[in-house]
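If you want the building blocks of each chain, they are given just below.
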Amino acid sequence: RRLRETIAALRAEGRDDGLLGVMARNVELDYPNRDKASSKVMRLVVVVALIVSSVLIGIVSVRGWDLMQEAKTLNIAFIAINVIFIVQVLRWSRGVLPMAAGIAAFVAIFSGVSITSWYQRDAPGYADAALSADLGFLTTLIFAMQIVVIVVTITAFSQNWQEEVERTVPDASGPSRGGSQDPVT
């Protein structure tokens, strides 16, 4: 009965949005899992892990720019992708978490393979042998950081940030005839 009254009042005002329009105005979405302290902390941990990962990749890219062959473009792409993931996680987008874990696995494979090659360059006769040892250590840190990114993103994914609860709110613009103000269901 209240729904019919609301629709009639809207038509009288010239605002005939139909049934779905009325229902949409009376529904509020709530995300209860986003309010939990554990979800907020995990989101922060994911963002920090992605930032640290990007910074480490950036340091290795800048310091080893002359020594790298084809990895320059790939490193820049990984940093750009991580920045996009950071923005999406800050917007509570849960969908990027498995993608971040997948990209982190990809980076972990590349960094794991390249660790030994940086240390092999730490010998007489190679250009910047001392720098190669530093880059080998930083690449080891990148590898470890990718494992951390994988673990924290999968943990955050299991927190169901996307779970929605619909709440019906009374329509303030609808007619009031004194009786019950039961929400429309």
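See the structure shown above.
My aim in this report is to walk through the structure given alongside it, one point at a time. Note that this is a predicted model, so its numbers are computed, not measured.

### Points about the side chain of Gln146
Relative to the elements of secondary structure, Gln146 occurs in helix α6 (residues 129-157). On the basis of relative accessible area, Gln146 is assigned to the buried category, the value being 3%. Apart from the residues within four sequence positions on either side, Gln146 is in contact with Ser53, Ile57, Ala104, Val107 and Ala108.

### Observations concerning a nonpolar patch on the surface
On the surface, Leu44, Val48 and Val52 cluster together to form a nonpolar patch covering roughly 240 Å² of accessible area. Note that Val48 resides in helix α3 (residues 37-63).

### Some remarks on the environment of Leu56
Among the secondary structure elements, Leu56 is positioned in helix α3. Residue Leu56 is classed as buried on the basis of its relative accessible area, which comes to 12%. Taking the C-alpha atoms as reference points, Leu56 and Ile142, 86 residues apart in sequence, are found 6.2 Å from one another. Sequence-distant contacts of Leu56, defined by excluding residues within four places in its chain, comprise Leu138, Leu141, Ile142 and Met145.

### Overview of the pattern of salt bridges
Pairing between side chains of opposite charge can happen when their charged atoms approach one another. Using the criterion set out here, one finds one salt bridge in the structure. One salt bridge in this structure joins Arg63 and Asp134, with 3.5 Å as the shortest N-O distance. Of the two residues, Arg63 is situated in helix α3 and Asp134 in helix α6; the sequence distance between them amounts to 71 residues. You can call Arg63 partly exposed: its relative accessible area is 40%.

### Focus: the packing of aromatic side chains
Inspection of every chain in the model, using the stated rule, returns two aromatic pairs. Taken together, the ring pairs connect Phe78, Phe106 and Phe110 into an aromatic cluster.

### Here we look at the nonpolar core
In this structure, Val46, Leu50, Val89, Leu97, Ile142, Ala156 and Trp161 are the most contacted members of the largest nonpolar core, which totals 27 residues. Contributing elements (two or more residues each) for this core: α3, α4 (71-90), α5 (96-120) and α6. Tallying contributions element by element places α3 first for this core, with eight residues. With sequence-adjacent residues up to four places away left out, Ala156 is seen in contact with Met42, Val46, Leu97 and Trp161.

Parameters at a glance
- Residues numbered from 1 in each chain as written.
- Predicted model: local features only at pLDDT ≥ 70, side-chain atom pairs only at ≥ 80, totals over all residues.
- Heavy atoms only, no water.
- Helix = DSSP H or I, 4+ residues; strand = E, 2+ residues; numbered from the N terminus.
- Buried < 20%, exposed > 50% of the residue type's maximum accessible area, 1.4 Å probe, protein only.
- Contact = heavy atoms within 4.5 Å.
- Patch = residues over 30% accessible without salt bridge, like charges linked within 9 Å, V, L, I, M, F, W, Y side chains within 5 Å.
- Areas by Shrake-Rupley, 256 points an atom, 1.4 Å probe, with all protein chains shown as cover.
- Salt bridge = Lys/Arg side-chain N within 4 Å of Asp/Glu carboxyl O.
- Phe/Tyr/Trp six-rings, centres within 6.5 Å; stacked < 30°, edge-to-face > 60°.
- Core = buried A, V, L, I, M, F, W, Y, C linked by side-chain atoms within 4.5 Å.

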